[in-house]
Amino acid sequence: MSEWFETPEGLADRAWAHLERAAAEPGAPMRLFSLSSTGLGGGAEARMMVLRGADRAGWTLRAQTDRASRKVDELQATPLATLLFWHGADSLQIRARARMAVQTGRVVEEAWNEVPEAARRNYGGQPPPSTPMGRAEDYEETAERQRFAVLAARVTSLDILHLGDRHRRAIIAPDQDANWLAP
């Protein structure tokens, strides 16, 4: 029997298994990821986020954010992003390229209801994110339901790199076979 990293399909299966686990288990290795987008000034922007949903059948990933954050404006202006994941024990990197949608209002009501009361203050606060302040104490935490947003990523491709004794890299896209790439 072959190892999971010896075929492009094996890499894809392992990648999705890790992503689905990360969305379901708070301590999972790929729970935190880097979201990169195009900044409003044209440069690249990156920030760490928490994976909240992964659906292989639908080729979607989800995260949550404050609607007033700069990343929301960036993704509405240019709805393309790369989500970067790393699994140290497997020496596995996943770059998920995606088309992003910012969801708000009633469509995210179920997700809001799942946010623990203590964590709801992550979606709100005065002044809003990125506002210059004179002192750190000038910020006040508040829970503001109208500021809660879900970032829904429709994955257009997974670029998967395994850094084993022999580096292997594959790319897969919805409705396409996985193919090898030079690492």
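One structure accompanies this document, and this report is about it. Here the structure is a predicted model, which means the values were calculated and not measured.

### Quick word on the pairing of strand S6 (residues 92–103)
Note that strand S5 (residues 80–87) and S6 share 8 bridges and pair antiparallel. For Leu 83, the partnering residue across the bridge sits in S6 and is Ala 96. Taken together, S5 and the strand that follows it, S6, pair antiparallel across an intervening segment of 4 residues, in which Ser 91 is found at a positive phi of about 50°. As defined by bridge partners, S6 adjoins strand S7 (residues 148–162) across 12 bridges and the pair is classed as antiparallel. Along S7, the bridge assignment pairs Leu 92 with His 162.

### Here we look at the packing of aromatic side chains
Counted under the stated rule, the structure contains 6 aromatic pairs. Seen in terms of ring centroids, Trp 4 and Phe 5 are 5.3 Å apart; in terms of plane orientation they differ by 85°. Their pairing is edge-to-face. Measuring from ring centre to ring centre gives 6.3 Å for Trp 112 and Tyr 123, while their planes differ by 70°; the resulting arrangement is edge-to-face. Remark: Tyr 123 occurs in the loop between helix H3 (109–114) and S7 and Trp 112 occurs in helix H3; sequence separation between them is 11 residues. We note that Trp 112, like Tyr 123, is buried.

### Considerations on the side chain of Arg 120
Relative to the helices and strands, Arg 120 resides in the loop between H3 and S7. In terms of polar contacts, Arg 120 uses its side chain to reach the backbone carbonyl oxygen of Val 115, at 3.2 Å. When neighbours within four sequence positions are excluded, Arg 120 is seen to be in contact with Trp 112, Asn 113, Val 115, Thr 142 and Ala 143.

### Concerning the nonpolar core
In this structure, Leu 35, Leu 61, Leu 83, Phe 85, Met 100 and Leu 158 are the most contacted members of the largest nonpolar core, which totals 34 residues. Those elements that place two or more of their residues in this core are helix H1 (8–24), strand S1 (32–38), strand S4 (60–66), S5, S6, S7 and strand S8 (168–172). When residues of this core are assigned to their parent elements, the largest contribution, 7 residues, is made by H1. Beyond its immediate sequence surroundings of up to four residues, Leu 83 is in contact with Phe 33, Ser 34, Leu 35, Leu 61, Ile 94, Arg 95, Ala 96, Ala 98, Met 100 and Ala 153. Residues Val 108, Trp 112, Tyr 123 and Phe 148 belong to the second largest nonpolar core, which totals 7 residues.

Criteria and thresholds
Residues numbered from 1 in each chain as written. Predicted model: local features only at pLDDT ≥ 70, side-chain atom pairs only at ≥ 80, totals over all residues. Heavy atoms only, no water. Pairing = 2+ DSSP bridges. Helix = DSSP H or I, 4+ residues; strand = E, 2+ residues; numbered from the N terminus. Phe/Tyr/Trp six-rings, centres within 6.5 Å; stacked < 30°, edge-to-face > 60°. Buried < 20%, exposed > 50% of the residue type's maximum accessible area, 1.4 Å probe, protein only. Polar contact = N/O pair within 3.5 Å; in protein donor to acceptor, adjacent residues only side chain to side chain. Contact = heavy atoms within 4.5 Å. Core = buried A, V, L, I, M, F, W, Y, C linked by side-chain atoms within 4.5 Å.

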